[in-house]
Amino acid sequence: MQYNIDPVYPQNVVEETKKLTKGTITSRMGIEQVITIDPKGSKDLDDALNIECISDNEFVVGIHIADVASWVKKGYYIDLEARRRAVSFYPTKWRTIHMIPEPLSQNQCSLIEGENRQAISVYFRLNAEGEELDDPRIQKSVVNSVKQLTYQEAQEIIEGKWQGKGEKTEFVKNQVINLYKLSKSVRKVRLCDKMLHVPGEDCVEAHYLVEEFMIMANFFVAKLLNSKFPSGIPVRYQENPDNVSLIEWFNQYQTIGNVILNLQGNSCESVAGQHTLSLGTARGLDGNYVTIQKNVWKQIIDAIQNKDFEKARRFLCMDELHPGHFVARKKWENIMETAQYTCSAEEGINLNHFLLQKKPYTHFTSPIRRYVDLVVQRFIHAYLDGTSAPYTNQEIQELCIHLNERTKMQKQHQKETSKIDLAMDLGRHPVPFNGYISHTDDDGLQLQIPKWKFLSNQEVPFHLLDVCEKPEVKQDKYINGDITTTTWKKRSYHTLGTQVSVRPKLKPYEKLELDPNQNCVYLKISTWAKLISDVVGSLNVEIGQQNRKRHRKDAMEIVDSMGLDGQRPPVRFGTADIVSCEGGNNTTLLNLCRFSYNFAPGRLISAEMSSVIEKGIPTPKLSLLHLTKNLSFCLTHKENPVACLARFAHQSTSEATWQSVQDYIEAWHAVLEMEAAVTSASSGDETIFLEDVTIDFLGLRKGRFMLGLQFCIDRNIFGLDFAVPRKGTMTPISDFMCIRFAPEREGDRRFTWVAHGVMESISRDDDMLCVHFNLHRKASTLIPRCMMDGDTKRSFTIELLPRSKTDRRLKNALQPEKMNDAPLAKAIALNRPIPRLDGDHYHLGIMAERDISKDLQKRNNLPGNNVGQHEAIDKALTSSFTLIQGPPGTGKTYTGIKLAYLFAKINNIREIEKTGEKSKADEDEKKSQKHQVLYCGPSNKAVDVVARNLKNKLGEICPKIIRIYGSVIKNEDFPIPGQYISKSAVNREGRCPKDMYDISLHHVIRQSGKPYAKEIRKFDEVFRKERERPDSQGISAKIIRSYNKLVNEAERHELPNYDVILCTAAIAGSQKYTSATNIFQCIIDECGMCTEPESMLPIIETKAKQVVLIGDHKQLRPIVLCSEAAKLGLETSLFERYAERAVFLNRQYRMHPSICKFPSTQFYGGKLVTGDSLSWKIDRPLRFLPENTFMMFYHVEGVEESLTVHTDEGHEKSKSNTAEANKVIDLFLHMVRKEGCHPKSINIMTQYKSQMSLLQKRLKELDFDVTVNTVVASQGK
């Protein structure tokens, strides 16, 4: 449908074809014996050749074209259908869609072997140099094909390898040989030095033989008919390229262009004069270099040293083999105008064909498959018969428009079907290739693939390569284009450690510079040009034996002096060819390996292509990119992690009605697995590469591999919290993995087998850990049988993609037994009636005050409750499940801390009433029975805001509070030498503020007087000294295990002492902490920013009996990375699901009434009102604002820049705008210096972290200590 192709002909065409096939050949003078040369399997044979040798220097070449016009007359139904189709379509592996019905195209008109067929013949009298001795002649004829040759057979005849049979064998051989020799002379006349180019395809000489004579015939016919029919004929023309584009190309590629043989002789006129591409010019250039593939250079050296100069010529003169040549030539092709058909009589058109340098030119030689050739044949008939033109000028013009459209469509169809055919082949297994970098910038790189020219540039965005810093782009005089330097931070280990893989010694923060020329060498352009000249000269029989010997000697001297390494440009290249964290300054480096790579146009990169289904169509897709011999990036799981690591869920969770806990869990597990896959695939420096792993496959989808226990502990493979399983037990684990197996054989690198899966469990056998895994369902059909052979040791590379701790806890919490054991959590999840609050807490809630005393309010600057806040607190104290919706500035945080205070007070009163006076011996039991309050939120910043308000606003009545941080932050404050901490995790989690030290659990357990403090501080001192040692060897695993055990005991001992536990919702789901606490009330702040499972996590794990959700679903929603999971309900928070039952805080104190009006109307149905507050009252308005103006919009036009990779400055696609940043800084300086505002009183917010980083940098340069926040980070402040 897309290409308007119909394999079925109309009925009137079918009937007319039947009549024509009954016709007989018209009698014509003589019968010519000819040969045809076509692709294998061809049936529509529309051209044939023969040659008559008059003397050693005189030949008559006959070019015979099937006379379709004698059968298909203008106006026939067949003609009208052929005109509509315009061309035949040739899918590479599918049935041909013919322009003319098969009985004609494959029989009646086709020049079939042994059959007499009508033809139009053009005869050229030529000498041995290919020069015309007389005017060509054209006539109607009858021909009989002696032999239907394939291009392969014709090539074998040229090379003297054909073993033909039959009485006409010698005739056929002589015909091909003589035609080839003469075509070579004709080609030399037409192309000059361009003829040196060797195309990257099979049967080159055979193709050239046919091509040259077809061009001759087309050119002759165009000249003949153009002179005889002034009203116009259809001609093929190609305009000269745009001069501006031509000049740009010469400015960038002229140097390398001088050695591109296919472009020899092309020139450009500019203000600097005439520029012509010439191999001779290149011999005088000494400061530029050619990039050559290592394997190609080795072949050239071997060929020359073995005196096989013909083989050397093929490697030297094939532009497609050389990256810089190919890239420049593709750029040349891109600036070329498209050749089109037009009427020769049309005014204002230059009829020259730029590529062929022929004027005029037409198509005449393929009338079976091109309608324009059939039209031209009718003009030939008119010329030979002495009749008038068969078409008017208007008809030709209209026809050419149609032909151009259909020809364009045919080329696109050919390209698309070739892509589909390739994709079908790639579906069996990927195919490795060497790609040429054609362009690179801070977004990524583009690859061109010579072996698949029908593929457009393959883009490789840097975000798919886990680049950790913004790529740096710079120019280099030795490179045709910009060099882009990219930086990674990766963990890569070898199972044999430093026995096999040792990284170079590096200084702290120094980068390992990878060698970008691992697959290529360089030669000076002058050396390359001379080598070509010498190799070509060594084969030139016209220059004499002595000169050929001299050229051979010079060629040998060049390759001997260059050797396999070639000539290196005078620029600094990296030299490392592996990435490893093993060795270096220490015996074992557990930190990241920081390394860089320079991408530049014209360089080589190894990659692999596989197949995916896009919009229901098989499509070739880059799957692997090989950076070094031991490090490859799997683009497949980066680009489509859900398809590779999980599976797409289909059940929406946002509007579902759950019948059971099992239904709820299954639906959420499927959605969460999608999000976990995306999160893990995006984990950047948290992924781990393990080399030389032996895998045992236990069927098509299961397997296991062994790792040394000490190896895993030393390198922190499974995380800081990993508990080593006891012998005979299994520890569940659910991290994702990407397995690669790349067998190699001499001279031919096989494809890399890639499979994805998930780890299931880890068991221990003495000093080894056994990891059991399941492969993704798509991987089972791809496992080669040889890998199932357990007797053969094979080395795999495994990329571990760790789940986030939050994902692990969510997976662990959403279990039937846990939800059934938490009645309130179950009721909330299934939207069932909420259990009533127990009598004790309900009674105490009724009796409790609803606010702190006015004296304390005044003393701590904490406002009293308004009506809405009072109602919210009242309901929360007496209900099992309460929602409090607080728009910006409505005091929901103050409401929350008052609830925490009142809940703690109720718990203490209940404890006193229940236990009374207890002896000292019962103190521990008393602590374990005491109810506690859990106050959590979506992020550390949100929880720190609450903790700070509890400390500062409640003062002496503040309950005993403790703040729990995760292992990332704890290890930042008290680092263990050699222990790896992900930088991205640190940026994500933040750090412990100093004003939180006194209530932070990991600091509190170190305070004087705490039972474990002395022992912990001893460890801290040992670690500090080890970190300061320049020759630090790290800390032994035994010491680390002892330390971790001690800290865990200290934390478990400390936690029962507190009334209120503060942490993120994710930390609240840690069994390490829930088992040490006795939570009754659970307050979740900013709940609208938590996904439903994140909100359910602390409720399930703590088995809370009283839950308060505080938030506002009209503000920021949960951050979800997987768009499909978001659509299935993951972006709908638990708060939003129950929002209708929320107590609404309708009075805000932060925004000026004029500012409040918009959100009130837009989001809250006009319910939001403004309360009296100093926060929005303006004592001294800014002088530059008009009177009674409280907000202002600045129109700033600037260039928006997007981060292309995830860095410390912002996430991928995070944006910055320098012009906007400058305006913000100008306003800030004006407000501080002109208006007298204190810098700390100005709040600067931006939507993007990248813009935040830019503003912070500018303010720091101006010596201002002002915090700039993103909108998300400002939530709750």
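Residues numbered from 1 in each chain as written. Predicted model: local features only at pLDDT ≥ 70, side-chain atom pairs only at ≥ 80, totals over all residues. Heavy atoms only, no water.

Enquirer: Provide a residue-level description of the overall build of the protein, including the pertinent values.
Expert: Scanning the protein from terminus to terminus reveals 42 helices and 43 strands. Looking at the protein as a whole, 54% of its 1277 residues qualify as buried. Considering only intrachain contacts with a sequence separation of at least 6, the fraction spanning at least 24 residues in the protein is 74%. Put simply, the protein shows about 58200 Å² of open surface, and 49% of that area lies on carbon and sulfur atoms. The positive charge centre, built from 170 side chains, and the negative charge centre, built from 160, are 4 Å apart in the protein. (Helix = DSSP H or I, 4+ residues; strand = E, 2+ residues; numbered from the N terminus. Buried < 20%, exposed > 50% of the residue type's maximum accessible area, 1.4 Å probe, protein only. Contact = heavy atoms within 4.5 Å. Areas by Shrake-Rupley, 256 points an atom, 1.4 Å probe, with all protein chains shown as cover. Lys, Arg positive; Asp, Glu negative; His and termini not counted. Charge placed at Lys NZ, Arg CZ, Asp CG, Glu CD.)

Enquirer: An account of the sheet that holds strand β12 (residues 444-448) is needed here, citing residue identities and associated values.
Expert: A sheet is described by the order of its strands in space; here 6 strands give the open sequence β13-β12-β11-β19-β20-β21, paired in antiparallel fashion. Pairing within the sheet leaves two strands with one partner each, and these edge strands are β13 (458-461) and β21 (631-634). Within the sheet, the average angular offset between the axes of one strand and its neighbour, ignoring direction, is 40°. As paired strands, strand β19 (residues 604-614) and strand β20 (residues 617-628) are joined by 9 bridges and run antiparallel to one another. Its bridge partner being in β20, Ser 611 is matched across the sheet by Pro 620. Helix-sheet contacts for helix α11 (residues 323-335) involve β11 (431-440), β12 and β19, and the interaxial angle to β11 is about 60°. Sitting on the sheet, helix α13 (residues 393-426) touches β11, β19 and β20, and the angle it makes with β20 is about 60°. (Pairing = 2+ DSSP bridges. Axes fitted to C-alpha atoms, helices over the stretch in contact; angles between N-to-C directions.)

Enquirer: Lay out the environment of Phe 315 in plain terms, naming residues and giving numbers.
Expert: On the secondary structure map, Phe 315 appears in helix α10 (residues 309-316). Expressed as a C-alpha distance, the spacing of Phe 315 and Val 1022, which sit 707 residues apart in the sequence, is 63 Å. Excluding residues within four positions of it along the chain, Phe 315 makes contact with Val 296, Gln 299, Ile 300, Leu 321 and His 322.

Enquirer: Give a detailed account of helix α4 (residues 151-158), specifying residues and quantitative values.
Expert: All of the buried residues in α4 are Tyr 151, Ala 154, Gln 155, Ile 157 and Ile 158. In an axial view of α4, the angular spread of the buried residues amounts to 155°, which keeps them on one side of the axis. Where the residues of α4 are buried, they touch β1 (32-38), β5 (137-150), α5 (169-191), α6 (204-228) and α10. Positive backbone phi, at 75°, marks Gly 160, one or two positions downstream of α4. (Arc of directions from axis to C-beta.)

Enquirer: Any chance you could break down the pattern of salt bridges for me, citing the residues and the numbers?
Expert: Counted by the stated rule, this structure contains 67 salt bridges. The salt bridge partner of Glu 1235 is Arg 1183, with a shortest N-O separation of 3.8 Å. Taken together, the positions of Glu 1235 in the loop between α40 (1218-1233) and β42 (1244-1246) and Arg 1183 in the loop between β39 (1169-1170) and β40 (1200-1202) put the pair 52 residues apart, joining distant regions of the chain. For the salt bridge of Asp 1265 with Lys 1240, the shortest nitrogen-to-oxygen distance reads 3.9 Å. Here the residue Asp 1265 occupies a position in the loop between α41 (1249-1261) and β43 (1268-1270), and Lys 1240 occupies one in the loop between α40 and β42, the gap between them amounting to 25 residues. The exposure class assigned to Asp 1265 is exposed, which follows from its relative accessible area of 63%. (Salt bridge = Lys/Arg side-chain N within 4 Å of Asp/Glu carboxyl O.)

Enquirer: Quick rundown of the pairing of strand β22 (residues 688-697)? Include the residues and the values.
Expert: Across the 10 residues that make up β22, a large majority, 8, are buried. Pairing of strand β15 (residues 482-494) with β22, which is carried by 4 bridges, proceeds in the parallel orientation. Bridge assignment links Arg 491 to a residue of β22, and that residue is Ile 688. In this sheet, strand β30 (residues 795-801) lies alongside β22 in antiparallel orientation, the contact comprising 5 bridges.

Enquirer: Summarise the packing of α40 against α41; cite the residues concerned and give the values.
Expert: At their nearest, the axes of α40 and α41 sit 10 Å apart, and the two run at 45° to each other. By the angle class used here, α40 and α41 are oblique. Classified by chirality, the crossing of α41 by α40 is right-handed. Contact with α40, carried on its side by Thr 1218, Glu 1220, Ala 1221, Asn 1222, Val 1224, Ile 1225 and Phe 1228, involves Gln 1251, Leu 1254, Leu 1255, Arg 1258 and Leu 1259 of α41 and no other residues of that element. Each residue belonging to the contact of α40 with α41 can be placed in one class, and the counts come to 7 nonpolar, 3 polar and 2 charged. (Parallel < 35°, antiparallel > 145°, perpendicular 65-115°, else oblique. Left-handed = near helix turned anticlockwise from the far one by under 90°. Nonpolar A, V, L, I, M, F, W, Y, C, P; charged D, E, K, R; others polar.)

Enquirer: Please give an account of the packing of aromatic side chains that cites residues and values.
Expert: Tallied over the full model, the rule gives 30 aromatic pairs. Relative to Tyr 1043, the ring of Phe 1023 lies with its centre 5.0 Å away and its plane at 80°, an arrangement referred to as edge-to-face. Of this pair, Phe 1023 sits in helix α32 (residues 1013-1028) while Tyr 1043 sits in helix α33 (residues 1037-1054), and the two are 20 residues apart along the sequence. In this structure Phe 1023 comes out as buried when scored by relative accessible area, which is 1%. Under the relative-accessibility criterion, Tyr 1043 is labelled buried at 6%. (Phe/Tyr/Trp six-rings, centres within 6.5 Å; stacked < 30°, edge-to-face > 60°.)

Enquirer: Which residues make up helix α18 (residues 661-681), and what values do they have?
Expert: Between its first and last C-alpha atoms α18 spans 30 Å; for 21 residues at 1.5 Å apiece the expected length is 30 Å, and the two agree. Buried residues dominate α18, accounting for 15 of its 21 residues. (Expected span 1.5 Å × (residues − 1).)

Enquirer: Would you mind going over the sheet that holds strand β32 (residues 932-937) in detail, with residue names and values included?
Expert: Pairing in this open sheet of 7 strands is parallel, and the strands run β33-β34-β32-β35-β36-β31-β37 from one edge to the other. On the outer flanks of this sheet lie β33 (961-963) and β37 (1143-1144), each paired with one strand and no other. Running at roughly 175° to strand β35 (residues 1079-1084), helix α36 (residues 1092-1102) makes contact with β32, β35 and β36 (1106-1111) of the sheet.

Enquirer: Tell me about the pairing of β13, and please be specific about residues and values.
Expert: Successive residues of a regular strand alternate their side chains across the two faces of the sheet. By the alternation rule, side chains of β13 split into Gln 458 and Val 460, which are all buried, and Glu 459 and Pro 461, of which none is buried. Of the strand pairs in this sheet, β12 and β13 are connected by 4 bridges, and their pairing is antiparallel. Following the sheet pairing, Leu 447 is matched in β13 by Gln 458.

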